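# Examination of the molecular architecture
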Amino acid sequence: MQKDDFNFSKEITFKSIFRNKKCFLEELENILFENKIKGKTNKKESLNGKFCSYSISAIFPSEEVLQKICHQVSSLEFFMTMF
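None of these values were measured; they are calculated from a predicted model.

## Digging into the nonpolar core
- If you look at the biggest cluster of nonpolar residues, it comprises 19 residues, and the most contacted ones within it are F14, L28, F60, L66, I69 and V73.
- Sorting the residues of this core by element identifies β1 (11-19), α1 (25-34), β3 (51-59) and α2 (63-74) as the ones contributing at least two each.
- Excluding residues within four positions of it along the chain, L28 makes contact with S16, T41, Y54, I56, V73 and L76.

## Observations regarding the pairing of strand β2 (residues 39-45)
- Pairing of β2 with β3, which is carried by seven bridges, proceeds in the antiparallel orientation. For T41, the partnering residue across the bridge sits in β3 and is I56.
- Between the end of β2 and the start of β3, which pair antiparallel, lie five residues, with G49 showing a positive phi angle near 80 degrees.

## Some thoughts on the sheet that holds β2
- Ordered by their spatial adjacency, four strands build an open sheet running β2-β3-β1-β4, and the pairing between neighbours is antiparallel. Of all strands in the sheet, those with a lone pairing partner are β2 and β4 (79-82), marking the two edges. Looking at each pair of strands side by side, their axes are set apart by 20 degrees on average, direction ignored.
- The strands that α1 touches are β1, β2 and β3; relative to β2, the one it contacts most, it runs at about 160 degrees.
- Relative to the sheet, α2 contacts β1, β3 and β4, its axis offset from that of β1 by approximately 15 degrees.

## Structural notes on the pattern of salt bridges
- The full count for this structure, using the stated rule, is one salt bridge.
- The partner of E45 in a salt bridge is K43, and the shortest N-O contact between them spans 3.8 Å.

## Some points on the packing of aromatic side chains
- Summed over the entire model, instances satisfying the criterion amount to five aromatic pairs.
- For the ring pair F14 and F60, a centre distance of 6.3 Å and an interplane angle of 35 degrees mean the geometry is tilted. Highlighted residues: F14 in strand β1 and F60 in the loop between β3 and α2, separated in sequence by 46 residues. Each member of the pair, F14 together with F60, is buried.
- Judged by centre distance (4.3 Å) and plane angle (20 degrees), the ring pair of F18 and F24 falls under stacked. Across the pair, F24 and F18 agree in class, each one buried.
- In textbook terms, an aromatic cluster arises when at least three aromatic residues are bridged by ring pairs, as seen for F18, F24, Y54 and F79.

## Some thoughts on α2
- The terminal C-alpha atoms of α2 lie 16 Å apart, and with twelve residues this matches the ideal 16 Å at 1.5 Å per residue to within 8%.
- For α2, the full list of buried residues reads L66, I69, C70 and V73. Projection of α2 onto a plane perpendicular to its axis shows the buried side chains occupying an angular sector of 100 degrees, all on one side. For α2, the exposed residues set more than 90 degrees away from the buried face come down to E64 and H71.
- Next to the buried residues of α2 lie β1, α1, β3 and β4.

Cut-off values and rules
- Residues numbered from 1 in each chain as written.
- Predicted model: local features only at pLDDT ≥ 70, side-chain atom pairs only at ≥ 80, totals over all residues.
- Heavy atoms only, no water.
- Core = buried A, V, L, I, M, F, W, Y, C linked by side-chain atoms within 4.5 Å.
- Buried < 20%, exposed > 50% of the residue type's maximum accessible area, 1.4 Å probe, protein only.
- Helix = DSSP H or I, 4+ residues; strand = E, 2+ residues; numbered from the N terminus.
- Contact = heavy atoms within 4.5 Å.
- Pairing = 2+ DSSP bridges.
- Axes fitted to C-alpha atoms, helices over the stretch in contact; angles between N-to-C directions.
- Salt bridge = Lys/Arg side-chain N within 4 Å of Asp/Glu carboxyl O.
- Phe/Tyr/Trp six-rings, centres within 6.5 Å; stacked < 30°, edge-to-face > 60°.
- Expected span 1.5 Å × (residues − 1).
- Arc of directions from axis to C-beta.

Keep in mind that these numbers describe shape and distance, not what the molecule does.
So, in structure tokens, the structure goes:
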């Protein structure tokens, strides 16, 4: 599949993991709001409470907007990884 073949009119979900120092749910929702994206964010803590993962699902209008949001998420304090 070539880059131009991907259709951004479908829902995309990605997950980000943070050290569980504080709640990032509101910050993640604000990133979506600031970029005019209506999405859904879910939080799940690890069993021992050291980490927190957030699943973000939304329809992104373009690759540029998706990359911008991913960059903003990865710039948050205590960010570890994204997939």
